[in-house]
Amino acid sequence: MSDTPFGFGLPPEEPENGDEGKKKDPTGGGQGSGGSANPFGFGPGAGGDNPFAAMFGSMNPNDLGAAFQQLGQMLSYEGGPVNWDMAKQIARQTVSQGTPDGTKDASVGPSERSAVDEALRLADHWLDGVTSLPSGSVSTVAWSRAEWVEASLPAWQKLVDPVAERVGLAMGDVLPEEMQAMAGPLIGMMRSMGGAMFGQQIGQAVGVLAGEVVGSTDIGLPLGPAGKAALLPLNVERFGKDLSVPQDEVRLYLALREAAHQRLFAHVPWLRSHLFGAVEGYARGIKVDTSKLEDVVGQFDPSQPEQLQDALQQGMFQPEDTPEQKAALARLETALALVEGWVDAVVHEAAKSRLTSADALRETMRRRRASGGPAEQTFATLIGLQLRPRRLRDASRLWASLTDARGLDGRDALWEHPDMLPTAQDLDDPDGFVHHEQLDFSELDKMLGEAAKGPQKPAADADGKDAPGTGEAEGREDDGKGDTDR
């Protein structure tokens, strides 16, 4: 059984890494031929061969009542493509089990909240000197893992619903039209089960991810509420555990990254919708393997809901190899790389003269990305996209070069409109982008202002003040002379 819940293929090296990860699984949940119950392959599975174990527990007699109650909830679900109530429940259960190293979630104490608040405020102060974008943090917060789950689920919903909806729509299309009326109850039941299955898988993934993330922007997207800069003290401590770096420096460096992301998303008003829209656009181009879905519909047994689970895990989706889909993927990868590259460049500039371990922390973060950290792998699993570390490094170099060539204002002004940002080709040739002739936008504004006065000309003609038969070219020439006189 595939470890990818929605059937997206990972890059060639990922299966080896995934297999190696299973061997290291201290619970043994990923070993053997039965497949892992953890659909994302990030940590120990809770259920072995039983796809419902994470939800139903050990299935001892005392749990059967709750198990059947939840099964009833699955069958009666009539919401969207994902049962997000179930996702939330599974995520919180996963968090409560702790991480593979035995670390349990805990409420954040006053001293930890104070340390996070101080670090985020100091980080914002340091960033004032390295970017023209003002602070984007309205408030600061220290989250437990469970609190991160609660805060991030609305963003996950925006990311995942467009993908999950593909299955829901396909379920109603695989049967001949004359059979759909008779099969209505079955299709409805399968959609309910599909929403529950997606909810279970996403909930487990988010719960495992909650044990790894250090803030609200680890995947380059804003997963928390706008304007709320957040760190997870427990995970910050885990991040720096084996680095031989003072904990205060680790916290400050991660606070710089969080605060830099907050500035970008707060003061580039189009960016948030642009990124989420790019994800949705890519999801629309995903092709559902209808032949496999037809087999599932034809053989579906309501008394064996794990059949649908198996189908989801074995793969129903294939990214369409069309020019439009390739372009959508390129736009999304480039936009995310530019966000992460800008943050990397700005944070390094702020930290290099203040934190003795700035270089080591920067490289640790880059390696975390290069090795396909949990955030990137979760994102790849959910929408079939994995950020390429080479793009992130190229983007960081490009933003640093822009700082040297154009200054802070010139560099950050590129965020005013998506059409002004570097493209994927520019990441291949950053020097060409940095040193190409810059447009004089003041002249463009002047031209647009003159064009806006165009409708006034016919009125003058009506008064007889202009020579009859004056052509469009002559009019432009006269306008040019007039500009020269002025």
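Quick look at the structure, then. The residue numbers shown here count from 1 along each chain, following its written sequence. Residue-level local features of this predicted model are given only where pLDDT is at least 70; pairs of side-chain atoms are given and counted only at 80 or more, and the full residue set underlies all totals for whole chains, interfaces and linings. Side-chain metrics rest on all non-hydrogen atoms present in the structure, leaving aside hydrogens and water.

A short note on the nonpolar core
Here comes step 1: Ranked by internal contacts, the top residues of the largest apolar core, which has 87 residues, are W148 and W415.
Here comes step 2: Should any heavy atoms of two residues lie within 4.5 Å, those residues are counted as being in contact. Ignoring anything within four residues of it in the chain, the contact list for W415 reads L264, V268, W270, L271, L338, V339, W342, W399 and L421.
Here comes step 3: The next biggest cluster of nonpolar side chains, apart from the first, holds 5 residues, and it includes V163, A283, I286 and A328. Among buried residues, the Ala, Val, Leu, Ile, Met, Phe, Trp, Tyr and Cys ones that are joined through side-chain atoms within 4.5 Å form a nonpolar core. Relative accessibility decides the category of a residue: with a 1.4 Å probe and only protein chains considered, values under 20% of the type maximum give buried, values over 50% give exposed, and everything between is partly exposed.

A closer look at the side chain of T334
Here comes step 1: Secondary structure elements are defined from DSSP: runs of H or I of at least 4 residues count as helices, runs of E of at least 2 residues count as strands, and each element is numbered from the N terminus. Relative to the helices and strands, T334 is located in helix α14 (residues 323–351).
Here comes step 2: The exposure class of T334 is buried, given its relative accessible area of 9%.
Here comes step 3: One polar contact links the side chain of T334 to the main-chain carbonyl oxygen of A330, over a distance of 2.8 Å.
Here comes step 4: Apart from residues lying up to four places away in sequence, T334 is in contact with P422, T423, A424 and L427. Polar contacts here mean pairs of N or O atoms no more than 3.5 Å apart (in protein, one a potential hydrogen donor and the other a potential acceptor; neighbouring residues in sequence count only if both atoms are side-chain atoms).

Overview of the environment of L120
Here comes step 1: Turning to its location among the elements, L120 is positioned in helix α5 (residues 110–127).
Here comes step 2: We classify L120 as buried; its relative accessible area is 2%.
Here comes step 3: Each C-alpha atom of the pair L120 and L231 lies 8.6 Å from the other, and the pair is 111 residues apart in sequence.
Here comes step 4: Among all residues touching L120, those that are not within four sequence positions of it are T140, V141, A229, A230, L231, A255 and E258.

Regarding the pattern of salt bridges
Here comes step 1: By salt bridge we mean one thing: a side-chain nitrogen of Lys or Arg within 4 Å of a carboxyl oxygen of Asp or Glu. Tallied over the full model, the rule gives 18 salt bridges.
Here comes step 2: Measuring nitrogen to oxygen at the nearest pair gives 3.1 Å for the salt bridge that ties R257 to E340. Remark: E340 occurs in helix α14 and R257 occurs in helix α10 (residues 247–267); sequence separation between them is 83 residues.
Here comes step 3: A network of salt bridges, in which partner residues are shared, links R391, D394, R397 and D428.

Points about the packing of aromatic side chains
Here comes step 1: Note on aromatic pairs: the rings of Phe, Tyr and Trp (six-membered ring only in Trp) are paired at centre separations within 6.5 Å, and the planes decide the class, stacked below 30 degrees, edge-to-face beyond 60, tilted for the rest. Applying the stated criterion across every chain, the model contains 2 aromatic pairs.
Here comes step 2: Aromatic side chains W399 and W415 sit 5.3 Å apart centroid to centroid with 15° between the ring planes, which places their arrangement in the stacked category. On the criterion of sequence distance, the pair formed by W399 in helix α17 (residues 389–412) and W415 in the loop between α17 and α18 (424–428) is long-range, its members being 16 residues apart. Accessibility classification places W399 together with W415 in one group, the buried group.
Here comes step 3: Taken together, the ring pairs connect W270, W399 and W415 into an aromatic cluster.
Here comes step 4: Distance and angle both matter: a charge sits over a ring if NZ of Lys or CZ of Arg is within 6 Å of the ring centre and within 35 degrees of the ring normal. A cation over an aromatic ring shows up here: R406 above the ring of F433, its NZ or CZ 5.6 Å from the ring centre.

Bear in mind that shape data such as this cannot, by itself, settle questions of function.
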